[in-house]
Amino acid sequence: MLATYLLKRLVQLIAVSFLISVIVFMLVHLLPGDPSVTILGPNDTPQNRAILLHQLGLNKPLVQQYATWLGQVFHGSLGQSYLTHQQVTQIIGQGAPVDVELIVLSQLIAFAVAIPLALVTSRRPNRAVDRTATTTTFGLLALPPFVLAPILVAVFAVGLGWFPATGTVPISQNLATNLHDMILPSLALAVGSIAVYYRLLRSDLIATLQEDFITSARAKGLHPRRVMLRHALRPSTFSLLAAAGVNIGSLLAGAFIVESLFAINGIGLALVDAVEQRDYLVVQGIALVIAVAYVVIQFVVDFIFTVVDPRVARG
Amino acid sequence: MPDDRDLAATGAATDLLADAAPGDAAISEEAVALAASGPSRRPLGVVFWLAIAWVGVVILAAVFANVLPLARPDFQHYGAINAGPSLHHLLGTDDLGRDLLSRLVFGARVSLVVGFGSITIGMIFGGSAGLVSGYLGGLWDATMNATAFVILAFPQILAVIAITAFWGASLWKITLIIGVASIPLLFRVVRASTLAFANREFVVAARALGASPLRIIFREILPNVLPAAMSFAMIGVAVAIILEGSLAFLGLSVPLPTPSWGNMIAEGSTNGNLQQNVYIMLWPTISMFLLLLSINLIGDRLRQRFDIRESMV
Amino acid sequence: MSPRRHTVDAFPDADELSDPLLQVTDLTTAFRTPRGTVRAVDGVSLSVRRGTTVGVVGESGSGKTVLSRSIMGLLPPHGVERSGTVTFAGRDLTAMSAKELRSVWGLQIAMIFQDPMTALNPVKRVGAQITESLRLHLGMDRGEARQTAAALLESVGIPSPEKRLRAYPSQLSGGMRQRVMIAIALACGPRLVLADEPTTGLDVTIQAQILDLLGQLQDERHMTMILVTHDLGVVATRADEIVVMYAGKVVERAPTATLFADPKMPYTRALMDSIPRLADPSGTRLATIAGRPPELIDPPAGCRFAPRCPWAQDRCRTSEPPLRTAGSEAHTFACWYPLTNGRPSVPVTHDGVAP
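Rules of the game
Sequence order sets the numbering: in each chain, residues are counted from 1 along the sequence as written. Each chain is given a letter, starting from A, and each ligand a number, starting from 1, according to the order in which they appear as written. Local features in a predicted model are, by the rule used here, given only for residues with pLDDT of at least 70; side-chain atom pairs are given and counted only at 80 or more, and totals for whole chains, interfaces and linings are based on all residues. The basis for every side-chain value is the complete set of heavy atoms in the structure, and neither hydrogens nor water enter the calculation. Helix numbers and strand numbers start at the N terminus; a helix is a DSSP run of H or I with at least 4 residues, a strand a run of E with at least 2. Categorising residues by exposure relies on relative accessible area from a 1.4 Å probe, with only protein chains included: less than 20% of the type maximum marks a residue as buried, more than 50% marks it as exposed, and the intermediate range marks it as partly exposed. Every residue pair with non-hydrogen atoms within 4.5 Å of one another is taken to be in contact. Accessible areas in this description were obtained via Shrake-Rupley with a 1.4 Å probe; residue shielding takes into account the shown protein chains only. By definition, the buried area sums, over both parts, the 1.4 Å-probe accessible area that each loses when the two are put together. Whenever a carboxyl oxygen of Asp or Glu lies within 4 Å of a side-chain nitrogen of Lys or Arg, that contact is scored as a salt bridge. N or O atoms within 3.5 Å of each other form a polar contact, as long as, within protein, one can give a hydrogen and the other can take it, and as long as residues adjacent in sequence are counted only when both atoms are side-chain atoms. Basically, the charged four are Asp, Glu, Lys and Arg, the nonpolar ten are Ala, Val, Leu, Ile, Met, Phe, Trp, Tyr, Cys and Pro, and anything else, Gly included, counts as polar. Note that patches include only residues with greater than 30% relative accessible area and no salt bridge, and the join distances are 9 Å for like charges and 5 Å for nonpolar side chains (Val, Leu, Ile, Met, Phe, Trp, Tyr). A score from 0 to 100, pLDDT tells how confident the predictor is in each residue. Fitted lines through C-alpha atoms serve as axes, helices being fitted only where they are in contact, and the angles separating the N-to-C directions of these axes extend from 0 to 180 degrees. Working definition: roughly parallel below 35 degrees, roughly antiparallel above 145 degrees, roughly perpendicular at 65 to 115 degrees, and oblique for all remaining angles. Here a crossing is called left-handed whenever its near helix is offset anticlockwise from the far helix by less than a right angle, and right-handed whenever the offset is clockwise. Buried Ala, Val, Leu, Ile, Met, Phe, Trp, Tyr and Cys residues form a nonpolar core when they are joined through side-chain atoms within 4.5 Å. Ring geometry is summarised as follows: Phe, Tyr and Trp rings, the Trp one being its six-membered ring, pair when their centres sit within 6.5 Å, and such pairs are stacked at plane angles under 30 degrees, edge-to-face over 60 and tilted between the two. By definition here, charges over rings are those cases where NZ of Lys or CZ of Arg is within 6 Å of the ring centre and within 35 degrees of the ring normal. Segmentation of the chain into domains, including their bounds, is taken from an automatic or database domain assignment.

Undergrad: How should I be thinking about the overall build of chain C in this particular structure?
TA: A count of helices and strands for chain C gives 12 helices and 12 strands. For chain C, buried positions account for 55% of its 355 residues. Restricting to contacts in chain C with at least 6 residues of sequence separation, those with at least 24 account for 67%. If you sum the accessible surface of chain C, you get close to 14500 Å²; carbon and sulfur atoms cover 52% of it.

Shown next, in the form of structure tokens:
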């Protein structure tokens, strides 16, 4: 039963990835804007443009272009930049690790804050601590990274001088320095997640704590901490997990902002540069990789769901 | 804000009061009555009206920006570079000597037009499609829903960046792009609330009386779906404003020198400006925070008022 | 209806022998709700002798579940007011700290919950749910606890217990789950078991099995038991003494045989009439009690049952009848116009249940 379900989801995953490739391809090819103008500038001759379009295969029918492109993608090539002639895969390979680090760190921070906080406040809802936390996190929801990150930099980097305002040392060079440099960027990214996760988990925990099995756990004489951690937490984490999966999308947007502000050379910065310079193969490649990664992450979250929750698995 | 105030305590009590036999009608009625006396009847509160007031101020400022006694947002006062707040420049000037209040007021236009404009587009197309699709059901509905699902699998920011990359950015293009990008989500949300009503007694009764589908959709279902749709729309507005702000911060939204809160924050956040004149970053940051907070608050209170569960989002 | 075996508690202190194991005195439990304070248990006193079973009977909303939770002290952490005393084996439970209470719960007093669907944690394996109290209270190590848990499952009649330990509750049938609940409750060998509607959610044949199992385990383990139910039929053959509750108060209390032979309170009589009898021709309509229990936020003046009582007089609606004895100390009731051998002493006054 589990296997059939997974197979179904896998087929879905492949179908969605295929559709994404179509969307990405069409985004680039159907929109107004002539790549030859981008590459050769507006003043070149029509002949030269034609030659270029021919060289790039852009004068062929769309379906054929798509097939060619998809074939190359399967062979691991996303083409190369018009401007720097760097392979798109290489650009992604250079930028991705820092984004992954950024997102992973931010999520670790978010869970480390949201889970204990929710465990504390949900036991005694509507007390001062709970109201403060609930109100504060509501406020945090109004602090997207492009609003929060400049404030963090102004206070902690420029004002107090605790962290550098820009740049990082690569993780391979010096782990400690790298982590220190990453604190502000990942914090800027974590804050929104903290608010979302905290609010979800708190209300789920409050609901779980009404359940009979919590009373029966208490009746065994278990310590309240054990009741919270061993009995209440796990059944309350499913919507949290789902939210974390969906959240990747907004984290991506946040990561771009943070990279741009802190001058971290991730995929986001590469994408923004490529957009500004209309380097369309780079945009196309990055969009494809991110979108597929996003869908795969959703799939993995969904998979974890079915494995972790015996209620879902048995159907 | 705390949406389930008192619920925990009440819930525990009603649970216990609901002695014995599962499904006992008398008791569950009592439990429902007890629970219903909880959050939804509370007045909207001062905070709600403060939020309305702030959104109102921002809208008025943006609408009457040309009429207000302000310097032009791009006029450079060479005598007052990086000036602090004064009677002359109430919020100070930036590193090019431009009046920050003026830029803030004109910049509000971008956020508001994009925020409300795009969600209006999204609601007109996505919302009405959701309404019709949810009511009619069948193969058409299943196809639409699956399509929306697939499109939602694509990160919104990426789509918007990619489109602006090749189509260019102007206020109207950005509004249109974000509006179109919001269609699938609003479709799903409105469809979900429509489904909740499509088979209720009053709808079935109207159908039995021979009312046309259009009449049923607009006279019977729409009024019921509207409160939920409005509160989702408020969330949508906040999301759209954040999206535009992020694009502007990255320099991919409305091109300079048109001021927007996003590009003002970006300009104010350069290392030099942060060290010499923090006001450039501070005013749009505060304004943006308050705007988003107010919109979230309005949506949240509406949701409580109309007893819409967050799970429906 | 035979009075049940009177077994002696496992290892009683000699001087405790004559005392009841549990003595509840004037227990009141009130919940603060947005609409007002609900006195779900209102001045209840009762005592339970060692090794006996006391049945607590009443409709939904009579406060019997709250009573059992309140005796144990197992109430929501906030929004509850409790007064009165609960003396268990000579110690006052209401005076205990949370920590002291936890050392009593599960070890000395255990509870079997109403609905095994919801009272077992759906995402924890059955084994873990049984072993955790063994490890906590009896200090067993993992292996020992696991063996004991398997033995427990076997003793509650679950086949291939080793396999069941690894199951999730959703993989078991309703009857099986209730057996697991019982195994959890009995794990540490408690002296007092509070069984709250242990069979309500199960179908009739399984109900009898579970009740028989409880009776058998009670004998083997010399336990004292409080059996809470809405069904007088369930306790008729299994309790030594029956306490009838209505709207948060005890309205009649008597040894089982006495109660059935000579109910004094019309409410008790009405509950008896609602027990199905095998002798009745099929298709006989069961008597039901018209109306429903009063709201406890603002209970009626006088006798709380008066609005539903077919024999209620003016006096019943204005002044509340106290608990008084009938013949022996063991039989008490609260009624101004008690029945005699089940027959009323006053004419029917309104169309309640005509018996």
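Read on, since the account is not over.
Undergrad: Please clarify how the overall build of chain B should be interpreted in this entry.
TA: A count of helices and strands for chain B gives 12 helices and 0 strands. The helix and strand sequence of chain B, counted from the amino end, reads α-α-α-α-α-α-α-α-α-α-α-α. Here chain B holds 313 residues, and 52% of them are scored as buried. When contacts within chain B are restricted to residue pairs at least 6 apart in sequence, those whose partners lie at least 24 apart make up 72%. Looking at chain B as shown, the accessible area adds up to about 13600 Å², and 69% of this sits on carbon and sulfur atoms.

Undergrad: Is there a simple way to think about the interface of chain B and chain A in this case?
TA: Accessible area lost upon the coming together of the parts is a frequently used measure of interface size. Contact residues are listed per partner, giving 48 residues for chain B and 54 residues for chain A. In total, about 4400 Å² of surface goes out of reach between chain B and chain A, with carbon and sulfur atoms giving 77% of it. Taken together, chain B and chain A are joined by 0 salt bridges. On inspection of chain B and its partner chain A, the count reaches 0 residue pairs in polar contact (both at pLDDT 80 or more). Those elements that place two or more of their residues in the side of chain B that touches chain A are helix 1 (7–17), helix 5 (138–152), helix 6 (156–167), helix 9 (213–249), helix 10 (261–268), helix 11 (271–276) and helix 12 (279–305) of chain B. Partitioning the side of chain B that touches chain A into residue classes produces 30 nonpolar, 12 polar and 6 charged.

Undergrad: Mind showing me how you'd approach the environment of A:Asp130 here?
TA: All names here are of chain A. Locating Asp 130 in the fold gives a position in helix 6 (residues 128–140). Along the chain, Asp 130 and Val 88 lie 42 residues apart, while their C-alpha atoms are 49 Å from each other. The contact partners of Asp 130, leaving out residues within four places of it in the chain, are Thr 121, Arg 124, Pro 125, Tyr 198 and Arg 202.

Undergrad: Mind showing me how you'd approach the environment of C:Leu339 here?
TA: All names here are of chain C. Relative to the helices and strands, Leu 339 is located in the segment after strand 12 (328–333). In the structure, Leu 339 is positioned 93 residues away from Tyr 246 in sequence and 17 Å away in space, judged by C-alpha atoms. Those residues in contact with Leu 339 that lie beyond four places of it in its chain are Asp 262, Pro 263, Lys 264, Met 265, Pro 266, Arg 269, Trp 311 and Pro 344.

Undergrad: Explain a nonpolar patch on the surface to me, please; I cannot follow it from the model alone.
TA: All names here are of chain B. Judged by side-chain polarity, Ile 59, Leu 60, Val 63, Phe 64, Val 67 and Leu 68 come together as a nonpolar surface patch covering roughly 540 Å² of accessible area. Mapped onto the elements, Val 67 comes out in the loop between helix 3 (45–63) and helix 4 (100–136). The exposure class of Val 67 is exposed, given its relative accessible area of 67%.

Undergrad: Hey, could you run me through the confidence of the model for chain C in this one?
TA: Residue and element names in this part refer to chain C. Averaged over chain C, the pLDDT score is 84; the fraction of residues at 70 or greater is 90%. This stretch, residues 1–15, has a pLDDT under 50; its non-local contacts, to residues over four places away or in other chains, come to 29 contacts. Scored below 50 in pLDDT, residues 351–355 makes 7 contacts in the model with residues more than four places away or belonging to other chains. In the predicted assembly, ipTM is 0.81 and pTM is 0.81.

Undergrad: Before we go on, may I ask you to explain the side chain of C:Thr199 in this structure?
TA: Here C:Thr199 is to be found in the loop between strand 7 (192–196) and helix 8 (204–221). Ignoring anything within four residues of it in the chain, the contact list for C:Thr199 reads C:Gln207, C:Ile210 and C:Leu211.

Undergrad: Would you mind going over the packing of helix 4 of chain B against helix 12 of chain B with me for this structure?
TA: Packed helix pairs are specified by the crossing angle of their axes together with the interaxial distance, meaning the distance between the axes. Residues and elements named next belong to chain B. Two elements in contact, helix 4 and helix 12, have axes separated by 11 Å at closest approach and are oriented at 40°. Put simply, helix 4 runs oblique to helix 12. Judged by the sense of rotation from one axis to the other, the crossing of helix 4 with helix 12 is right-handed. Contacts from Leu 100, Leu 104, Ser 111 and Leu 112 of helix 4 reach helix 12 at Tyr 279, Ile 280, Trp 283, Pro 284, Ser 287, Met 288 and Leu 291. When its residues are assigned to classes, the contact of helix 4 with helix 12 shows 9 nonpolar, 2 polar and no charged.

Undergrad: Teacher, can you tell me more about the nonpolar core here?
TA: Inside soluble globular proteins, nonpolar side chains tend to come together where they are buried. Ranked by internal contacts, the top residues of the largest apolar core, which has 135 residues, are A:Phe256 and B:Ile161. With 14 residues, the top contributor of residues to this core is helix 9 of chain B. Those residues in contact with B:Ile161 that sit more than four places away from it in its chain are A:Phe256, A:Leu271, A:Val275, B:Leu247, B:Leu250 and B:Leu252. With 111 residues, the next largest nonpolar core counts C:Val48, C:Leu101, C:Ala167 and C:Val228 among its residues.

Undergrad: For this particular structure, what's the right way to read the packing of aromatic side chains?
TA: The relative placement of two aromatic rings is captured by the distance of their centres and the angle of their planes. This model, assessed by the stated rule, comprises 10 aromatic pairs over all chains. Arranged with centres 4.9 Å apart and planes meeting at 10°, the rings of A:Phe111 and A:Tyr197 form a pair that is stacked. Of this pair, A:Phe111 sits in helix 5 (residues 88–123) while A:Tyr197 is found in helix 8 (residues 175–209), placing the two residues 86 residues apart along the sequence. One aromatic cluster in this structure is built from A:Phe18, A:Phe25, A:Tyr66 and A:Trp69. Taking NZ or CZ as reference, C:Arg315 lies 3.7 Å from the ring centre of C:Trp336, over its face.

Undergrad: What am I meant to see in the pattern of salt bridges here?
TA: A side chain of one charge can pair with a side chain of the opposite charge when the charged atoms of the two come close. Inspection of the entire model under this criterion finds 16 salt bridges over all chains. Between C:Glu132 and A:Lys220 there is a salt bridge, with the nearest N and O atoms lying 2.9 Å from each other. Taken together, the residues C:Glu132 in helix 4 (residues 126–138) and A:Lys220 in the loop between helix 9 (212–219) and helix 10 (224–232) connect one chain to another. Taking relative accessible area as the criterion, A:Lys220 reaches 6% and is therefore assigned buried. Residues participating in the shared-partner salt-bridge network are A:Lys220, A:Arg226 and C:Glu132.

Undergrad: I tried to follow the domain arrangement of chain C on my own but got confused; where do I start?
TA: All names here are of chain C. What the domain assignment lists for chain C is domain 1 (3–239) and domain 2 (249–277 + 288–333). Contacts between domain 1 and domain 2 engage 20 residues on the former and 16 residues on the latter. Three residues stand out in domain 1 for area buried against domain 2, namely Asp 42, Glu 59 and Leu 232, and they jointly supply 37% of the buried area on that side. For the pair domain 1 and domain 2, the interface holds 2 salt bridges. Counting the contacts that link domain 1 with domain 2 gives 4 residue pairs in polar contact (both at pLDDT 80 or more). Contributing elements (two or more residues each) for the side of domain 1 that touches domain 2: strand 2 (36–48) and helix 9 (232–236). If one sorts the elements of the side of domain 1 that touches domain 2 by residue count, strand 2 sits on top with 8 residues.

Undergrad: What should I look at first to understand the packing of helix 11 (residues 238–262) of chain A against helix 6 of chain B in this one?
TA: The geometry of helix 11 of chain A relative to helix 6 of chain B is characterised by a closest axis approach of 8 Å and an angle of 50° between their N-to-C directions. If you check the angle between helix 11 of chain A and helix 6 of chain B, you find them oblique. On helix 6 of chain B, the residues that touch A:Gly249, A:Ala253 and A:Phe256 of helix 11 of chain A are B:Ile157, B:Leu158 and B:Ile161. Looking at the contact of helix 11 of chain A with helix 6 of chain B, its residues break down into 5 nonpolar, 1 polar and no charged.

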